[in-house]
Amino acid sequence: MVFSSIFFLWVFLPFSLCGYHLLNKKYQNTFLLIISLLFYSWGEPQSIIILLSSIIANYFLALLMDKSGKFRKPLFITIICLNVFILFYYKYLSFILSEIIGYDKITNNIPLPIGISFYTFSILSYIIEVYRKNTAAIKNITHLGLYITFFPKITQGPIVKYTDFIPQLSDRTITINKVYTGIVRFILGLGKKLLIANILGGMVDEIFQLSPNQLSTSTAWLGAAGYTLQIYYDFSGYSDMAIGLALMFGFNIKENFNYPYLSTSIKDFWKRWHISLNVWFRDYIYIPLGGNKKGKKRTYINTIVVFLITGIWHGANWTFLFWGLYHGIIQIMESALWGNYLKKFKITSLIYTNLIVLTGWVLFRADNIKHALIFIKNMFIYQAELPNFKVSNFINNKIIVVLIIGIIFSGFIQNIF
């Protein structure tokens, strides 16, 4: 079930809101858990078994770890490995077997459960916080289940840390103003998704399906720019909807985007783009690896490790891995070489950053590495338009208006106010 579907907007959401606000407070969490499981299982009922098994297993394993003495660390490592293995099996095993080993006979028999990357990271956040003794293992399985399955965030995030979410299960206030703000935020996100991202998506798909000899320089730039706007409005729109929905039920979820196309460096970009994922990697991987506290060489290694994992996390494809590596290398080069110059020239830095990001999105969107390299080559080495594949064949007045609106409202207008 998706937030923009007619069934969600006219049936599921009204039923959920009415049921939730009419119930006694002590039953609201249980009700939210039930409708979250219903939301998750609506499109892929077979995946609910994997989700429920993960919740139950981690509930008991965390309790066991919390009571363990000298076995606490080995048990913690075992739990982490178990969860990572489940994610690896469903998301990456097919890729490794087919792309690296060359064995593809079973690749079609491993369906990818929806949202497994997001809810696995939620589970890992819980386990890590319990291990660090920042919180005790939760005894109420309903609370743990709701933290993991809360329907506004389970399929596409934001990734909410356990310590940010769990206190709200027993202590949250619901006001008319909060519900109103949530409704407005949801409508804003829905508009981003339907009126900008979806419209640009059709054009972008057509351009990225062109063969190399059909792709002119101007068309390549149109496709890259269109996708740059599409992915922002799609993903930030979903985050807006998730934050708005959470507010309607009294929950506060932190911002996930902060006008990333106003960034003046790649480091700045990652402070503004998919903030919840960046914070997760910072707190649970980068800092435990040593962060920037063990010298420049170690900092660069840690940066590459985090960005490689970031790329792999997005999907089982070489393009995602190299996209993560690309961002990691650029960030290291900024730190080592030209970072200080970027701080002095804001306009130049803004153009530079958006050019780097836009080129990276081609790598992210392309079907494979070869496709991405040809697309980027055609962007920067002039290719004349062919009669049947001119820019004018892919745009109309509606696309032009959406592109202009997309650029203006990607942060430039908001920054003025």
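Residues numbered from 1 in each chain as written. Predicted model: local features only at pLDDT ≥ 70, side-chain atom pairs only at ≥ 80, totals over all residues. Heavy atoms only, no water.

Draft legend 1. View of the overall build of the chain. Each helix and strand counted, the chain has 17 helices and zero strands in total. Computed over C-alpha atoms, the radius of gyration of the chain comes to 23 Å, within 12% of the 22 Å expected from 2.2 N^0.38 for 417 residues, which places it in the range of a compact globule. Each of the three principal axes of the chain carries a C-alpha extent, and together these read 65 × 55 × 50 Å. Sorting the 417 residues of the chain into buried and exposed places 53% on the buried side. Relative to all contacts within the chain whose residues are 6 or more apart in sequence, the contacts with residues 24 or more apart total 72%. Side-chain charges of the chain comprise 36 positive and 17 negative groups, with the mean position of each set lying 10 Å from the other. (Helix = DSSP H or I, 4+ residues; strand = E, 2+ residues; numbered from the N terminus. Rg over C-alpha atoms; globule rule 2.2 N^0.38 Å. Buried < 20%, exposed > 50% of the residue type's maximum accessible area, 1.4 Å probe, protein only. Contact = heavy atoms within 4.5 Å. Lys, Arg positive; Asp, Glu negative; His and termini not counted. Charge placed at Lys NZ, Arg CZ, Asp CG, Glu CD.)

Draft legend 2. Examining the pattern of salt bridges more closely. Counting across every chain of the model gives 10 salt bridges. Arg72 serves as the salt-bridge partner of Asp66, at 3.6 Å between the closest nitrogen and oxygen. Arg72 sits in the buried class, given a relative accessible area of 9%. Shared partners join several salt bridges into a network, and the residues in it are Arg185, Lys192, Asp240 and Glu255. (Salt bridge = Lys/Arg side-chain N within 4 Å of Asp/Glu carboxyl O.)

Draft legend 3. Molecular detail of the side chain of Thr149. Inspection of the secondary structure puts Thr149 in helix α7 (residues 141-149). Overall, the relative accessible area of 0% leaves Thr149 in the buried class. Polar contacts involving the side chain of Thr149 include one to the main-chain carbonyl oxygen of Gly145, which spans 2.7 Å. Ignoring sequence-local partners within four residues, the contact set of Thr149 consists of Leu33, Ser36, Leu37, Leu51, Ile55 and Ile154. (Polar contact = N/O pair within 3.5 Å; in protein donor to acceptor, adjacent residues only side chain to side chain.)

Draft legend 4. Representation of the side chain of Arg272 within the structure. Relative to the helices and strands, Arg272 resides in helix α11 (residues 266-272). Of the residues examined, Arg272 reaches a relative accessible area of 18% and is grouped as buried. Separated by 2.8 Å, the side chain of Arg272 and the backbone oxygen of Asn258 make a polar contact. Engagement of the side chain of Arg272 in a polar contact is seen with the side chain of Asp268, the distance being 3.3 Å. The residues contacting Arg272, other than those within four sequence positions of it, are Asn256, Phe257, Asn258, Tyr259, Pro260, Leu262 and Ser263.

Draft legend 5. Representation of the packing of helix α15 (residues 346-365) against helix α16 (residues 369-380) within the structure. Where α15 contacts α16, the two axes come as close as 8 Å, and the packing angle between them is 140°. Looking at the two axes, α15 sits oblique to α16. Counted together, Leu355, Leu358, Thr359, Val362 and Leu363 of α15 and Ile369, Ala372, Phe375, Ile376, Met379 and Phe380 of α16 form the full contact between these two elements. Per-class residue counts for the contact of α15 with α16 are 10 nonpolar, one polar and no charged. (Axes fitted to C-alpha atoms, helices over the stretch in contact; angles between N-to-C directions. Parallel < 35°, antiparallel > 145°, perpendicular 65-115°, else oblique. Nonpolar A, V, L, I, M, F, W, Y, C, P; charged D, E, K, R; others polar.)

Draft legend 6. Highlighting the packing of helix α9 (residues 176-208) against helix α10 (residues 217-248). Where α9 contacts α10, the two axes come as close as 6 Å, and the packing angle between them is 155°. With respect to their mutual orientation, α9 and α10 come out roughly antiparallel. Seen from above, α9 lies across α10 with left-handed handedness. Classifying every residue of the contact of α9 with α10 gives 22 nonpolar, 11 polar and six charged. (Left-handed = near helix turned anticlockwise from the far one by under 90°.)

Draft legend 7. Up close: the nonpolar core. Residues Phe3, Phe8, Leu51, Tyr119, Tyr126, Ile127 and Phe151 are the most contacted members of the largest nonpolar core, which totals 73 residues. Top element by residues in this core is helix α6 (residues 116-131). It accounts for 10 residues. If near-sequence neighbours (up to four positions away) are discounted, Phe151 is found in contact with Phe3, Phe8, Phe12, Ile35, Ser36, Phe39, Leu245 and Phe249. Membership of the second largest hydrophobic core comes to 47 residues, among which are Tyr233, Trp270, Trp273 and Phe307. (Core = buried A, V, L, I, M, F, W, Y, C linked by side-chain atoms within 4.5 Å.)

Functional significance is not addressed by these values, which are geometric in nature.
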